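Working through the structure, step by step
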Amino acid sequence: MSDPELKESGCEKGCAGDDGESPAMSFEEALGRLEEIARSLESLELGLDESLRLFQEGVRLARVCSSKLDEAEHRIEQLLEAPGGSAVVAPLEGLHK
């Protein structure tokens, strides 16, 4: 993608590609872009090719959001399972390759 296309797609900060690499986007950035895509698709003013491109980007962003939420859930579980109820954050094994 060229720079203007990246900016237009919201992927200038990094979207997950087909190779499954982790994106550089925060949960909030990914969710915000996903909401923009939903509004665009709901407008019914896009052509088929653009709709498919946005849908594909939306699927990738939904996976990013899901992954970020899973990671947060695991961190919370670790906090809750800490001995003595102390708030200790331990690194998650297996989530970061």
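All values derive from a computational prediction rather than experimental measurement.

Reading the values: the criteria
- Residues numbered from 1 in each chain as written.
- Predicted model: local features only at pLDDT ≥ 70, side-chain atom pairs only at ≥ 80, totals over all residues.
- Heavy atoms only, no water.
- Helix = DSSP H or I, 4+ residues; strand = E, 2+ residues; numbered from the N terminus.
- Buried < 20%, exposed > 50% of the residue type's maximum accessible area, 1.4 Å probe, protein only.
- Contact = heavy atoms within 4.5 Å.
- pLDDT = per-residue confidence, 0-100.
- Core = buried A, V, L, I, M, F, W, Y, C linked by side-chain atoms within 4.5 Å.

Along the protein, the regular secondary structure elements total three helices and zero strands. Listing each helix as α and each strand as β along the protein from the N terminus yields α-α-α. When each of the 97 residues of the protein is scored for burial, the buried share is 20%. Counting contacts in the protein only where the partners sit at least 6 residues apart, residues at least 24 apart contribute 48% of the total.

With that out of the way, let us pick up the confidence of the model for the protein. Looking at the protein as a whole, its pLDDT mean stands at 76, while 60% of the residues score no less than 70. Within the protein, the lowest mean pLDDT, 42, falls on helix α1 (residues 3-9), and the highest, 96, falls on helix α2 (residues 27-42). Segment residues 1-9 is flagged for pLDDT under 50; beyond a separation of four residues in sequence, or across chains, it makes 11 contacts in the model. Note that pLDDT drops below 50 for residues 12-23; the model gives that stretch 21 contacts with residues more than four away or on any other chain.

Core analysis: the largest hydrophobic core is formed by seven residues, namely Met25, Ala30, Ile37, Leu54, Leu61, Val64 and Cys65. Listing elements by their share of this core, those giving two or more residues are α2 and α3 (48-80). Take this core: its biggest share by element is four residues, from α3.

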